[in-house]
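Chain and residue survey
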Amino acid sequence: MSTVANTIFSPELAARFDHLVTIYPLSRSALVPMLLYAQDEIGYVSDAAVAEIAQRLDLVELEVRNVLSYYSMLRTKPAGKYNVQVCTNISCMLRGGYKILDHCKETLGIGHKQTTPDGVFSLEEVECIGACCWAPAMQINYDFHEDLTPEKVDVLFQMYRDGQGKDVK
Amino acid sequence: MADVTFTVDGKQITAPAGTLLIEACKTAGIEIPAFCYYPGLSLQAACRMCVVRIEKMPKLQTACTTPVAEGMIVYTETPDIAQARKATLQLLLGNHPLDCPVCDAGGECELQDMTFKYGAADSFYAEPKNHREEQKWSPVVYFDRPRCILCYRCVRMCGEGMDVFALGIQNRGSSSVIAPNVPAHMSPDDLAHVDCEQCGMCIDACPVGALTSGTYRYKTRPWEMNHVATICTHCGDGCKTTLGVRSTSDGSEIVRGDNRDKSGINGDFLCNKGRYAFDFANHEDRITQPLVRQPNGELKPVSWEVALDHVGSKLRALRDTRGGKSIGVIGSNRITNEEAYLLQKFARTVLGTNNIDHHRTADYVSFAQSLAGHTGRTASLNDTLKAPAILLVGGDPTNQSPATAWNLRTDVRLNRARLYVANSEEIKLRRQAKAFVQLAPFGYNAFAAYLAGDNAAAASAASDSNALSAFRDAVKAEENLLILIGSELRGAELKKLIDFGLTIPGAKFALLSDYVNSRGAADMGLLPDMLPGYMPVGSPSDLATEYAVPNEPGLDMLEMFDSAGRGNLSALYIVGSNPVARYGIDPASLKDTFIVVQDMFLTETAALADVVLPAANLYEKSGSVTNSYGDLQQVNKAGDRAGVRSDFEMIVRIADKIGADMRKLVPFGKGLRADMGQSRGAQSGEADRHAVWLTANNLEPRLSPFDAFAILDEIQRLVPGYNILRLQLLSGNDQHLSPVAPTPLVQIGTRRDQVLPANDSLFTSGTLGRFSTMLGDLQQNEAQRLIQIQTAAD
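Here the residue index of a chain counts from 1 through its sequence in written order. Lettering for chains starts from A, numbering for ligands starts from 1, and both go in the order in which the items are written. Predicted model: local features are reported for residues with pLDDT of at least 70 only, side-chain atom pairs are reported and counted for 80 or more only, and whole-chain, interface and lining totals are derived from all residues.

1. Describing the overall build of chain A
To be explicit about the condition: Secondary structure elements are taken from DSSP: a helix is a run of H or I of four residues or more, a strand is a run of E of two residues or more, and numbering for both begins at the N terminus. Whether a residue is buried, exposed or partly exposed is read from the other C-beta atoms within 10 Å of its own C-beta, which are placed from the backbone; 20 or more gives buried, 12 or fewer gives exposed, and intermediate counts give partly exposed. The contact rule is simple: place each C-beta atom from the backbone, and if two of them lie within 7 Å, those residues are in contact.
Of the regular secondary structure elements, chain A holds seven helices and five strands. Going from N to C terminus, chain A has its helices and strands arranged as α-α-α-α-β-α-α-β-β-β-β-α. Along the longest, intermediate and shortest principal axes, the C-alpha atoms of chain A span 50 × 30 × 25 Å. Taking all 169 residues of chain A together, 30% fall into the buried category. Taking all contacts inside chain A whose residues are at least 6 apart in sequence as the whole, residues at least 24 apart take part in 59%.

Listed below in structure tokens is the structure:
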């Protein structure tokens, strides 16, 4: 358990995982954070990541997949470079969240959980992201964008396309 | 724990504090329905069917998670409860297909029963049902996803019960689905599969028809079968399996095996062999006519009368011309006690030879002799479920006696039993063990010596001497230890381990063997040097005096074949055994021997025979068998096949053709001598001892020489330790018997070691297993999986 010889993760993340399994009374409690960190690094939770996490926590791969499939924020397929998450929960919905989502669909030409052919953007409709005060809001990777209008969205997308958007991880 | 008293439906009930309400009610005869609750597994409270009304609690409570409490007042059937259950059923039926007329579970389905009871005929849901195709997860496990009601029983059964964890639950909410451990996208055929022990416990636990069995699915309906509870013929645990049989044009075909009423010694458990590997009985290669070798060398089908005449006259001629000692007899691990006893009696009294043996899969002679003079020291299989501490030396119960492994896992899980495992292999049960010590190859002798206090033996017992010493300290600190011994330990080293165990207060022992009646074969004296009950040949015993048994020990299995090779064995009578393949006998060495084989198939041995007699298998006869532990159980006739006969009948018929006195061989009718009023009990010297014993025990004489119970009576009368309780036997229960062997005259370990473990895996079962199509499929499935892993690794 814990340390793995041929890790698929970066040395920093591997070291973080080595530590993570030691800090919980039950090592399997580290499963969800591990899955999230693995997804942040690789872009999605690959089969290889599942295998290594199972090995690190002394679980069977099936148990990792059971948890992985439960959480909608965990992906098993690659997303675009910038993952656009549009909130349509109640505050955003009242303030035009669906209009923003429809606009995104139209401009990007993709639907929910889809990725543009160039791999730059992917789109997701998500539940409350905790930005109700500034609704409608969306999150691109870990960066928040608030008080949106379709025009603002166009500007944002252009910024990201030009490589000037923040890429917070 | 202290008892608490509470009221259910106006009835006062007392149960130990901490008991779950659902269990307490069940014990009191009040049924609370539940889908997700399964006794012995962790609690789920997923189905909400067991809701009850408890006074002073605001809402309906789940009986499966509520412990009973003093003064609790419970109602289990009120209109609001019925309404709640009905609503639950409506939700479950929202996507459950109504294919009950073709579903395997139809008629045995808990959801069907509940719908019948609560009547959720109207549905509020108008949405179309979400259909998914059925999936073949393995040759024996099929999954029909829409039928699943997500009770999680299979998931817990596989993980907690079997320690396999091949099933899980994926996704969330209404899209939750039971998922096997080989997902479709990682499988070469793009279909999901299970990589597991194929025990079928998930199918057994499934309350509906979501999981179905590859052998039974779409074959018949439950009510079209007769259900016969009998004992599985495969491993030494002797589980009860219920065979579903259906009439065919040439007998009665076994269609299904399962653990239907869970009333056997195996409790909830049944492994893949007990569940699926009955199909050898229906195999197309089965012999159904006697075959006699013709002068041109061909085996030709003949009538029973011709074949038996030939065997009888030939055996009589050889006995009379070359002597009984030139004849050998080989018995089986899968015949009943009655047949084994009759076979050795036939050999010893009719043929006049002690040349009798069987394929020994554990050293029961040394086991019985080591325990001579001790009573209450042998364990029953039931003890593996309750013992506070267990020491397992050698053996691999997970693969070779799965019910033992199930019981040990359950004991550890539910009773926190302390399991100590010493093995030269990393067997799977080490995962439940409190301590595991890996012994050196062939290190069992040194290990037994080390336990007994010989510290010098540590180095040759195991490489890790610290672990070894901690292990010994822990074991020695135990009381009431259950010591399970694998067949690796024999003779002197077995005695050494038992002698050590006898120093532990309350320790009990069991020796694990490989087939259903391996223990019975040894108990019944299928041995050249031991009469039934481990009475040494040549020493005074009731049996020896009564039947004038030859005084010299006979030839053992290997000596018989050596003798045949030298041309000294005139005849060999083999019942239900395949020694030619098992011991790698050169067929040429048997060319001058007259061979009679009773078997189901033309095995390597039968192919060399002069006469082959088609035999019934254990599922086609009645009698009793004794498992590894010494638990006696009744075997009931389930299947039938035109043309075959039981080994019992064939032995009797052959003895008759030889010209034996049948009343002496099988005590039937009113005894050997007519009682004209002169006899005054056994002391008179005139009376028939069997008839006297029957009268004394208030038993009737049997009327037919083919009645196995006549021999059972004699076993009870003459075999020490076989004090059989008839009611226990005939009501299908198990009873524990301990051999009462005399203290050995010679040192244990001087006998030649002839134990040859069968080393069967989960998917093999000796020669018989080769004729089970399902076991073949499972082996192939396993092999393919290993190839896939190999390919993936490359």
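2. With respect to the overall build of chain B
Operational definition: Only C-alpha atoms enter the radius of gyration, while the globule expectation follows 2.2 Å times N to the 0.38, with N the number of residues.
Looking only at helices and strands, chain B has 26 helices and 31 strands in total. Since a compact globule built from 794 residues should have a radius of gyration of about 28 Å, the 29 Å found for chain B is in line with a globular shape. For chain B, the proportion of its 794 residues judged to be buried stands at 53%. Intrachain contacts of chain B at a sequence separation of at least 6 include 68% that bridge at least 24 residues.

3. Thoughts on the sheet that holds strand β11 (residues 226–231) of chain B
Let me state the cut-off plainly: The criterion for strand pairing is that DSSP finds at least two bridges linking the strands in question.
Spatially, β11-β12-β13-β30 (chain B) is the arrangement adopted by the four strands of the open sheet, whose pairing is antiparallel. With partners counted over all chains shown, the strands left at the sheet margins are β11 and β30 (640–641) of chain B, one partner each.

4. Observations concerning the domain arrangement of chain B
Size of an interface, as often reported, equals the accessible area lost when the parts are brought together. All names here are of chain B. The test is simple: All the domain ranges listed were derived from an automatic or database domain assignment. Nonpolar residues are Ala, Val, Leu, Ile, Met, Phe, Trp, Tyr, Cys and Pro. Charged residues are Asp, Glu, Lys and Arg, and all others, Gly as well, are polar.
What the domain assignment lists for chain B is domain 1 (3–77), domain 2 (110–282), domain 3 (291–358 + 520–736) and domain 4 (364–512). Each of domain 2 and domain 3 has a C-alpha centre, and the two are 40 Å apart. Listed by partner, the interface residues are 19 residues for domain 2 and 19 residues for domain 3. Those elements that provide at least two residues to the side of domain 2 that touches domain 3 are β11, β12 (240–248) and β13 (251–258). When its residues are assigned to classes, the side of domain 2 that touches domain 3 shows nine nonpolar, seven polar and three charged.

5. Focus on the domain arrangement of chain A
Taken domain by domain, chain A comprises domain 1 (11–70) and domain 2 (82–161). Taking the mean C-alpha position of each, domain 1 of chain A and domain 2 of chain A sit 29 Å from one another.

6. What about helix α23 (residues 708–718) of chain B?
Burial of α23(B) is extensive: nine of the eleven residues sit out of reach of the surface. Among the residues of α23(B), B:A708, B:A710, B:I711, B:L712, B:D713, B:E714, B:I715, B:R717 and B:L718 are the ones counted as buried.

7. Some thoughts on the environment of B:S424
Residues and elements named next belong to chain B. Its place among the elements puts S424 in the loop between β19 (418–423) and β20 (435–438). Between the alpha carbons of S424 and L699 there is a distance of 51 Å; along the sequence they are 275 residues apart. Residues in contact with S424, not counting those within four places in the same chain, are Q438, L439, A440, P441 and G443.

8. Observations concerning helix α4 (residues 61–70) of chain A
Operational definition: Picture the helix axis, draw a direction to every C-beta atom, and the arc is the one those directions span.
Those residues of α4(A) lying buried are A:E61, A:L62, A:V64, A:R65, A:L68 and A:S69. Buried residues of α4(A), seen end-on, are gathered within an arc of 155° and therefore sit on one face of the element. Of the surrounding elements, those touching the buried residues of α4(A) are α2 (31–42) and α3 (47–57) of chain A together with β8 (167–170) and β9 (177–180) of chain B.

9. What to know about the packing of helix α1 (residues 11–20) of chain A against α2(A)
Residues and elements named next belong to chain A. Definition in use: Note on definitions: angles span 0 to 180 degrees between N-to-C directions of axes, and those axes are lines fitted to C-alpha atoms, for helices only across the stretch in contact. Under this scheme an angle from 65 to 115 degrees is roughly perpendicular, one under 35 degrees roughly parallel, and one over 145 degrees roughly antiparallel; angles in between are oblique.
Where α1 contacts α2, the two axes come as close as 11 Å, and the packing angle between them is 175°. Between α1 and α2, the angle falls in the class roughly antiparallel. Contacts between α1 and α2 pair L13, R16, F17 and L20 from the former with P33, M34, Y37 and E41 from the latter. For the contact of α1 with α2, a count of residues per class yields six nonpolar, no polar and two charged.

10. Here's the deal with unusual backbone geometry
A:A135 connects to A:P136 through a cis peptide bond whose omega is -5°. With respect to the element layout, A:P136 can be found in the loop between β3 (121–126) and β4 (138–140). Here the phi dihedral of B:Y152 falls at roughly 70°; this positive angle occurs in a residue that is not glycine. One can find B:Y152 in the loop between β7 (141–143) and α4 (153–161). In this structure, B:N171 is a non-glycine residue whose phi angle is positive, near 65°. Looking at the secondary structure, you find B:N171 in the loop between β8 and β9. Overall, B:N171 belongs to the partly exposed group, with 13 C-beta atoms counted inside 10 Å.

11. Details of the interface of chain B and chain A
Between chain B and chain A, the residue contacts involve ten residues of the former and eight residues of the latter. With three residues, β8(B) is the largest single contributor of residues to the side of chain B that touches chain A. In terms of residue class, the side of chain B that touches chain A is built from five nonpolar, four polar and one charged.

12. Description of the sheet that holds strand β29 (residues 631–635) of chain B
Residues and elements named next belong to chain B. In spatial order, the strands read β28-β29-β31; together these three strands make up an open sheet with antiparallel pairing. The open sheet terminates on both sides in strands that have one partner only, identified here as β28 (623–626) and β31 (735–736). Here four bridges tie β28 to β29, and the two strands are oriented antiparallel to one another. Considered in β29, the bridge of T626 is made with L632.

13. Quick look at the pairing of strand β22 (residues 508–511) of chain B
Residue and element names in this part refer to chain B. Operational definition: The definition of a right-handed crossover adopted here requires that, viewed with the strands pointing away, the path from the first strand over the helix to the second runs clockwise.
Across the two faces of β22 the burial is the same, with K508 and A510 and F509 and L511 all buried. Relative to β22, strand β21 (residues 481–485) is paired through four bridges, and the arrangement is parallel. From the neighbouring strand, L484 faces β22, where its bridge partner is A510. Between the parallel elements β21 and β22, the chain passes through helix α15 (residues 491–502) in a crossover that is right-handed.

14. Concerning the nonpolar core
We apply this condition: Think of a nonpolar core as buried Ala, Val, Leu, Ile, Met, Phe, Trp, Tyr and Cys residues, each tied to the set through C-beta atoms within 7 Å.
Membership of the largest hydrophobic core comes to 235 residues, with the highest contact counts inside it found for B:C158, B:C202, B:I390 and B:I485. Not counting residues within four places of it along the chain, the set of residues in contact with B:I390 comprises B:T384, B:L408, B:A417, B:L419, B:Y420, B:L482 and B:L484.

15. Looking at the environment of A:T116
Residues and elements named next belong to chain A. Within the secondary structure, T116 sits in the loop between β2 (114–115) and β3. Accessibility expressed as a C-beta count within 10 Å gives 16 for T116, which makes it partly exposed. Along the backbone, T116 and A79 are 37 residues apart, and their C-alpha atoms lie at a distance of 9.3 Å. Residues within four places of T116 in sequence aside, it is in contact with G80, L108, G109, I110 and F121.

16. What to know about the confidence of the model for chain B
Regions with low pLDDT should not have their predicted coordinates read in detail. To be explicit about the condition: Residue-level confidence of the predictor is what pLDDT reports, using numbers from 0 through 100.
For chain B, per-residue confidence averages 93 on the pLDDT scale, and residues scoring 70 or more make up 98% of the total. Both scores are available for the predicted complex, with the pTM at 0.93 and the ipTM at 0.86.

17. Describing the packing of helix α6 (residues 97–108) of chain A against helix α7 (residues 150–161) of chain A
Residues and elements named next belong to chain A. As a reminder of what qualifies: Two helices cross in a left-handed way if the nearer one is turned anticlockwise from the farther one by less than a right angle. They cross in a right-handed way if the turn is clockwise.
It is the contact of α6 with α7, at a shortest axis distance of 10 Å, that shows an interaxial angle of 40°. Comparing their axes, α7 and α6 come out oblique. As for the relative orientation of α6 and α7, their crossing is right-handed in sense. Mapping the contact onto sequence places K99, I100, H103, C104 and T107 in α6 and P150, V153, D154 and F157 in α7. Counted by class, the contact of α6 with α7 contains five nonpolar, two polar and two charged residues.

18. Remarks on the pairing of β21(B)
Residues and elements named next belong to chain B. For β21, a buried count of five out of five residues is recorded, marking the element as mostly surrounded by other parts of the structure. Side-chain alternation along β21 places L481, I483 and I485 on one buried face and L482 and L484 on a second face that is also buried. Looking at chain direction, strand β18 (residues 389–393) and β21 are connected through five bridges and run parallel. In the sheet register, A389 faces β21, and the bridge partner there is L481.

19. A word on the environment of B:K117
Within the secondary structure, B:K117 sits in helix α3 (residues 110–118). When the C-alpha positions of B:K117 and B:Q170 are compared, they lie 31 Å apart, and in sequence the two are 53 residues distant.

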